[in-house]
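Chain by chain, the residues:
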Amino acid sequence: MGDSSSPALFLQSSARLEPDGGQLRTRRFHSGNRHGTVEGYAESKKLLRKFFGAVPVPDQGLDPGGITGPRHGRICHIGSWRCGMHSVYRWGVNNSLALLGLLSRQPSYGYDLKHSYDRYFGTGKALAFGQVYSTLARMVRDELIRALGGETGSGPDRKKYEITSAGQVKVHEWLFTPDVPSESLQSNLFAKTVIALLLDDDADRLLDVQRSEHMTRMRELTRLKKDADLMQVLMCDHGLFHIEADLRWIDLTGARLTQLKKELQSA
Amino acid sequence: MSTISTTSSVLSARGLHHSFGQTKALRGIDLDVQRGEVLAVMGPSGSGKSTLLHCLAGVLVPDGGSVTYRPAGRSPMETSALGEPKRARLRLTDFGFVFQFGQLLPELTAADNVSLPLLLAGTRRPEALRRSTELLERLGLNGMGTKLPGELSGGQAQRVAVARALVASPAVLFADEPTGSLDSLASENVLTLLLELVREAGTTVVMITHDARTAAYADREVIVRDGGLGAGYRVTA
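Rules used in this analysis
- Residues numbered from 1 in each chain as written.
- Chains lettered and ligands numbered in written order.
- Predicted model: local features only at pLDDT ≥ 70, side-chain atom pairs only at ≥ 80, totals over all residues.
- Buried ≥ 20, exposed ≤ 12 C-beta atoms within 10 Å, placed from the backbone.
- Helix = DSSP H or I, 4+ residues; strand = E, 2+ residues; numbered from the N terminus.
- Contact = placed C-beta atoms within 7 Å.
- Nonpolar A, V, L, I, M, F, W, Y, C, P; charged D, E, K, R; others polar.
- Pairing = 2+ DSSP bridges.
- Axes fitted to C-alpha atoms, helices over the stretch in contact; angles between N-to-C directions.
- Parallel < 35°, antiparallel > 145°, perpendicular 65-115°, else oblique.
- Left-handed = near helix turned anticlockwise from the far one by under 90°.
- Core = buried A, V, L, I, M, F, W, Y, C linked by C-beta atoms within 7 Å.
- pLDDT = per-residue confidence, 0-100.

J.: Mind laying out helix α3 (residues 95–103) of chain A, listing which residues take part and the relevant values?
T.: Residue and element names in this part refer to chain A. Along α3, 9 of the 9 residues are buried, which leaves the element largely enclosed by surrounding structure. For α3, the set of buried residues is Asn95, Ser96, Leu97, Ala98, Leu99, Leu100, Gly101, Leu102 and Leu103. Tucked inside the fold, the buried residues of α3 contact β8 (108–109), α4 (110–121), α5 (129–141), β9 (145–147), β10 (160–163) and α6 (165–176).

What follows is the structure, encoded as structure tokens:
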């Protein structure tokens, strides 16, 4: 997996690191289209702990480990901090719970659920049928939903599902458990900025490149709002406000790079 | 890196320098504004954004460098070399302006405020009022023409200011924080209407903003830092 001594490469890697009593274990994972393993980056980990107090953990896609798992999208974690720099806020919807929530309205076929999801949340990021069916299978396994025999739906799936009481409790918990605020405080971009300064690289350019990417995404979302219905407009606004917060951080950090570099050098 | 050609630019600045006393506001800016584009000018406070806009609009004459305006169907002119009367005339006939706080005349009704550029350019009053009322209606201000600025909400007043800036069909609209004093929803309404009108008319827009959501309505943005343009922007020849 490339140069294991490079913190920068480490940060860009698609590996999951797990603290394990000072040891680093290798774990195969799936995140979007990225697969990978890592053999251990003790130096990098030490460095990251020094500056960030944690190591980054990429997300695992559509909840492979159960319904309480991470959210969809190419989203990274640094320690317990979740950030959306890769995704530039393409809806951090918990797909599994959103599907369960949709199912709690009335029994549905997988095919219909997928289309309901896409209608409400899938702007620019529709769910794959495979994801829906594998999620439904996991929810059946976890007894959050049950299959209702062999009625024919409007698509290829012939199973109709209904939510169980345990599933309803899960949806209720999800709805009323607030998301962690300020989760992007320690972001991948923050890590990149620090690493660039440590490597004496052009952190200003890095921030400019990211600013440009953010602005491009903001223009896309702004265009999407035109002629969209109110629900889509509100989703776009959610993304826009979050990206804007990142941009403010980028501007402020850009103005403090010299000071930050001095502090890093003396740390 | 966006590389901009001068061939289709309506405004070109080359080597712009300007100082206020010992303070250098512009330090050699090169910038081309394409015909019909909406350009956002961003940057920290005191970076030189407003000075740049004032030089482009012929409000200020830069200490050094040049600004060339290329009107459709007329010969290009170096506005930075024109005297104040000619620049004033150009601002009246070819340019429109929107400011952060509207700057409406409080003694005049909304319709009269909008009519001002037309009246100053010699349009007869009935015709000026007809066009003003029509534009106010396009901006969702039906029946508001007789109101005084003090009787309007912030969003309504800013829409009147937009109407005043656009009523004379300017080739270039200069906007300095056009929604800076409005809340999110009012700001969005004003911007949506403004952009709809300028896209329809093919008006070029140079818009200063601190707000990234406002800048996202533009086709592209440039960042002004310490009197220069930030990385990622370069002009050709």
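J.: Help me get a handle on the environment of B:Ser66, residues and values and all.
T.: Residues and elements named next belong to chain B. Here serine 66 shows up in strand β5 (residues 64–69). Look at serine 66 and you get partly exposed, because 15 C-beta atoms sit within 10 Å. Residues serine 66 and glutamate 78 lie 12 residues apart in sequence; the distance between their C-alpha atoms is 6.8 Å. When neighbours within four sequence positions are excluded, serine 66 is seen to be in contact with Arg14, Glu78 and Ser80.

J.: Now, about the interface of chain A and chain B: what can you tell me, with residues and values included?
T.: In this complex, chain A contributes 13 residues to the contact, which on the side of chain B involves 10 residues. When residues of the side of chain A that touches chain B are traced back to their parent elements, those giving at least two are α8 (203–225) and α9 (230–255) of chain A. Ranked by the residues each element gives to the side of chain A that touches chain B, the list is headed by α8(A), at 8 residues. Residues belonging to the side of chain A that touches chain B are distributed by class as follows: 5 nonpolar, 2 polar and 6 charged.

J.: Break down the sheet that holds strand β4 (residues 38–42) of chain B for me, citing the residues and quoting the values.
T.: If you trace the 6 strands from one edge of the open sheet to the other, you get β7-β8-β9-β4-β10-β11 (chain B), paired in mixed fashion. Looking along the sheet, the strands with just one partner apiece sit at the ends: β7 (95–98) and β11 (228–229) of chain B.

J.: So, the packing of α3(A) against α5(A): which residues are in play, and what are the values?
T.: Residue and element names in this part refer to chain A. Relative to each other, α3 and α5 sit at 75°, their axes nearing to 10 Å. What the angle tells us is that α3 and α5 run roughly perpendicular. From α3, Asn95, Ser96, Leu99 and Leu100 reach across to α5, where they touch Gln131, Val132, Thr135 and Met139.

J.: Report on the sheet that holds β9(A), specifying residues and quantitative values.
T.: Residue and element names in this part refer to chain A. The strand order across the open sheet formed by 3 strands is β8-β10-β9, and the pairing between neighbours is antiparallel. Each end of this open sheet is capped by a strand with a single partner; those strands are β8 and β9. Pairing of β9 with β10, which is carried by 3 bridges, proceeds in the antiparallel orientation. Across the sheet, the residue bridging to arginine 146 is glutamate 162, located in β10.

J.: Can you tell me about the environment of B:Ala88, naming the residues and giving the values?
T.: Residue and element names in this part refer to chain B. Note that alanine 88 resides in helix α2 (residues 84–93). According to the C-beta neighbour criterion, alanine 88 is partly exposed, with 14 such atoms within 10 Å. Each C-alpha atom of the pair alanine 88 and glycine 58 lies 7.8 Å from the other, and the pair is 30 residues apart in sequence.

J.: Summarise helix α7 (residues 188–198) of chain A; cite the residues concerned and give the values.
T.: All names here are of chain A. With 8 of 11 residues buried, α7 is to be regarded as a mostly interior element. Within α7 the residues assigned to the buried category are Asn188, Leu189, Ala191, Lys192, Thr193, Val194, Ile195 and Leu197. Taken from the residues just after α7, aspartate 200 is the one with a positive phi, measuring 60°.

J.: Which residues make up the packing of α8(A) against α9(A), and what are the values?
T.: All names here are of chain A. At their nearest, the axes of α8 and α9 sit 9 Å apart, and the two run at 160° to each other. Taken together, the axes of α8 and α9 are roughly antiparallel relative to one another. Considering how the two elements wind past one another, α8 and α9 form a crossing that is left-handed. Here Asp204, Leu207, Gln210, Arg211, His214, Arg217, Met218, Leu221, Leu224 and Lys225 of α8 lie close against α9, whose contacting residues are Gln232, Val233, Cys236, Gly239, Leu240, Ile243, Asp246, Leu247, Ile250, Thr253 and Gly254. Partitioning the contact of α8 with α9 into residue classes produces 10 nonpolar, 6 polar and 5 charged.

J.: Just give me the short version of the pairing of strand β3 (residues 23–34) of chain B, but keep the residues and values in it.
T.: All names here are of chain B. The sheet contact formed by strand β2 (residues 9–20) and β3 spans 9 bridges and is antiparallel. What sits directly across from histidine 17, in β3, is arginine 27. In sequence, β2 turns back onto β3 through a hairpin of 2 residues, with glycine 21 there showing a positive phi of about 65°.

J.: Lay out the environment of B:Ala186 in plain terms, naming residues and giving numbers.
T.: Its location among the elements puts B:Ala186 in helix α6 (residues 184–201). For B:Ala186, the residues in contact, after removing those within four places along its chain, are B:Gly154 and B:Gly155.

J.: So what about the nonpolar core? Which residues, and what values?
T.: All names here are of chain B. Counting 76 residues, the largest nonpolar core has Leu39, Val41, Val206 and Met207 as its most contacted members. When residues of this core are assigned to their parent elements, the largest contribution, 7 residues, is made by helix α5 (residues 154–166). Residues contacting valine 41, with those up to four places away along its chain left out, are Lys49, Leu52, Leu53, Val206, Met207, Ile208, Val222 and Val224.

J.: Give a detailed account of the confidence of the model for chain B, specifying residues and quantitative values.
T.: Detail in the predicted coordinates should be disregarded across regions flagged by low pLDDT. Residues and elements named next belong to chain B. For chain B, per-residue confidence averages 89 on the pLDDT scale, and residues scoring 70 or more make up 94% of the total. Of the regions scoring below 50 in pLDDT, residues 1–5 engages in 11 contacts with residues more than four places distant in sequence or in other chains. Long-range and interchain partners of residues 232–237, a stretch whose pLDDT sits below 50, account for 18 contacts in this model, where long-range means more than four residues apart. Overall fold confidence (pTM) sits at 0.68, and the ipTM for the predicted complex is 0.80.

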